[in-house]
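Descriptive analysis of the structure
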Amino acid sequence: MFTTRDGSPWEPAYITAIDGNKCIGCGRCYKVCSRDVMHLMGVNDEDELVACSGDDDDDDEEFVRKVMVLHQAGNCIGCGACARVCPKACQTHVPAGALAAA
């Protein structure tokens, strides 16, 4: 457990998973994360993940949809910014204490 500058208790909660069935690939989480924790991927007709640049220039015809996936989960600092901007609540965050106990 940590404390904020004003002395309030705070425990980081690290991202451990993203539910690809709920994710709409909006990129909001990616945009607020400065730690390169997530990466945008395309999902093709066979329900396979395929690389995409994340730009609006992508050929949308080769993707059924786009989803965010964990790229460097170990880079997460547990700030929770991604969870606050996610409109679908598709991320799983686990408190640091629970991860340490596992």
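Quick look at the structure, then. Predicted, not measured: the structure shown is a model, and the values here were computed from it.

1. Looking at the sheet that holds strand β6 (residues 65-70)
Within the open sheet, the 3 strands sit side by side as β5-β4-β6. Their pairing is antiparallel. Each edge of the open sheet is held by one strand with a lone partner, namely β5 (49-51) and β6. Pairs of neighbouring strands in the sheet enclose a mean axial angle of 50°, with direction left out of account. Relative to β6, strand β4 (residues 38-43) runs antiparallel, the two being bridged by 6 bridges. Paired with valine 43 across the strands is arginine 65, a residue of β6.

2. Description of unusual backbone geometry
If you check the backbone angles, aspartate 36 has positive phi at about 60° while not being a glycine. Locating aspartate 36 in the fold gives a position in the loop between α1 (28-32) and β4. In this structure, aspartate 47 takes a positive phi of about 65° despite not being glycine. With respect to the helices and strands, the residue aspartate 47 is situated in the loop between β4 and β5. On the accessibility criterion, aspartate 47 (60% relative accessible area) is exposed.

Parameters at a glance
- Residue numbers run consecutively from 1 along every chain, following the written order of its sequence.
- Per-residue local features of the predicted model are confined to residues with pLDDT of at least 70, and side-chain atom pairs are confined, for both listing and counting, to 80 or more; whole-chain, interface and lining totals are unaffected and use all residues.
- Only hydrogens and water are set aside when side-chain values are computed; all heavy atoms of the structure are taken into account.
- For two strands to pair, DSSP has to find at least two bridges joining them.
- By the criteria applied, helices consist of DSSP H or I runs no shorter than four residues and strands consist of E runs no shorter than two, each listed in order from the N terminus.
- Note on method: axes are straight lines fitted to C-alpha atoms, helices fitted across the in-contact stretch only, with angles between N-to-C directions ranging 0 to 180 degrees.
- We call a residue buried when its accessible area falls under 20% of the maximum for its residue type, exposed when it is over 50%, and partly exposed in between, using a 1.4 Å probe and counting protein chains only.

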